[in-house]
Amino acid sequence: MALDSNAKNAPEHVAIIMDGNGRWAQSRGKPRLFGHHAGARRVREVVEACPDLGVKYLTIFAFSTENWKRTQVEVAGLMSLFRRYITKEARALKDEGVRVRFIGDRVRLDHKLQSLMDELEQLTETNDRVHLTIALNYGGRDEVARATKRLAQDVAAGQVDPETVDGETLARYLDTHVLPDPDLVIRTSGEARISNFLLWQSAYAEYEFIDTMWPDFSRDVFAKVIAGYCKRDRRYGGVKV
Ligand code: FPP
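So, here's what we can say about the structure.

About the cut-offs
- Sequence order as written defines the numbering, with residues in each chain counted from 1.
- In view of the model being predicted, local features appear only for residues whose pLDDT reaches at least 70, and side-chain atom pairs are presented and counted only at 80 or more, with totals across whole chains, interfaces and linings using the full set of residues.
- Note: side-chain values were computed over all heavy atoms of the structure, leaving out hydrogens and water.
- Only protein chains enter the calculation, and the probe is 1.4 Å; a residue is then buried if its accessible area is under 20% of its type maximum, exposed if over 50%, and partly exposed in between.
- Runs of E in the DSSP output that reach at least two residues are strands. Runs of H or I that reach at least four are helices, and both are numbered from the N terminus.
- Only strands joined by at least two bridges in the DSSP assignment are considered to pair.
- Salt bridges are counted wherever a side-chain nitrogen of Lys or Arg sits within 4 Å of a carboxyl oxygen of Asp or Glu.
- To estimate the expected span of a helix, count its residues, drop one, and scale the result by 1.5 Å.
- The angle separating two fitted axes, one through the seven residues that finish at a residue and one through the seven that start at it, defines the bend at that residue.

Turning our eyes to something else, we now look at the pairing of strand 2 (residues 57-64). Where burial is concerned, most of strand 2 is hidden: eight out of the eight residues are buried. Across seven bridges, the pairing between strand 2 and strand 4 (residues 130-138) is parallel. Looking at the pairing, Ile-60 lines up with Ile-134 of strand 4.

Shown next as structure tokens:
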């Protein structure tokens, strides 16, 4: 499918719940981690497609605050995959103009991974072609709770007048404070739920739940989903004039 670099109404910010790695692997008689590795290889293709599709911000859900409940083997395998991914992809991301950020609570992640994340953010901080945000140990409720705690501390310290607190105030305390809200949230693998992803930020997002398993999510599949979004009529609670 041809990519339309001048796509009108293209979503500025796309967020993706990359689901289906485990089932994709198991349907091939392979361990679940095989699917996560295949899923990681898709990330580059999708990031590279963003400029052609008119997408400036891409946010991907790599590991949730609930994913710690998986087996120790799977959790350790995913953590090792994230370390390897950052180490292997850093140079290409830098050279391709990708600015990488991480959202989520870093405290529970191992120190080696935390320093790789810091280094990648610093390495790419002057890039502006695509803004890739990786949600790692991220949960929407956890993010709002952490933001509220910091806001309450500032109120207690007399730095914020509680009478002035509104939605915009809270948004400034979220991990995503420098990002626009997502226009489109995509979930792969046929499941229709949002699993604690960007709860606050997606209040007016469009949703697309597609059957494709994440390791099969190609550039063409991405382009088709974006083309479908471009035909939608967004009203943000108002009426069309
Ligand atoms: C959900 O599939 C996927 C995950 C919990 C991990 C997502 C991680 C990747 C795509 C790997 C790489 C990412 C980066 C940034 C390197 P699932 O395991 O829940 O699949 P299932 O529903 O079929 O079991």
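Back to the text.
Below, the discussion takes up the pattern of salt bridges. The full count for this structure, using the stated rule, is 18 salt bridges. With its nearest N and O atoms 3.5 Å apart, the salt bridge here joins Asp-19 to Arg-23. Given a relative accessible area of 16%, Asp-19 falls into the buried group. Residues Glu-89 and Arg-44 are paired through a salt bridge, measuring 3.1 Å at the closest nitrogen-oxygen approach. Here Arg-44 lies in helix 2 (residues 32-53) and Glu-89 lies in helix 3 (residues 72-95), a separation of 45 residues in the sequence. Under the relative-accessibility criterion, Glu-89 is labelled buried at 13%. For Arg-44, a relative accessible area of 32% translates into the label partly exposed. Each of the salt bridges in this network shares a partner with another, and the network as a whole consists of Asp-19, Arg-23, Arg-187, Glu-191 and Arg-193.

Glancing now at helix 3. An ideal rise of 1.5 Å per residue puts 34 Å on 24 residues; helix 3 measures up with 35 Å between its terminal C-alpha atoms. Of all bends in helix 3, the biggest is about 50°, found at Glu-89. At the exit of helix 3 stands Gly-97, carrying a positive phi of roughly 80°.

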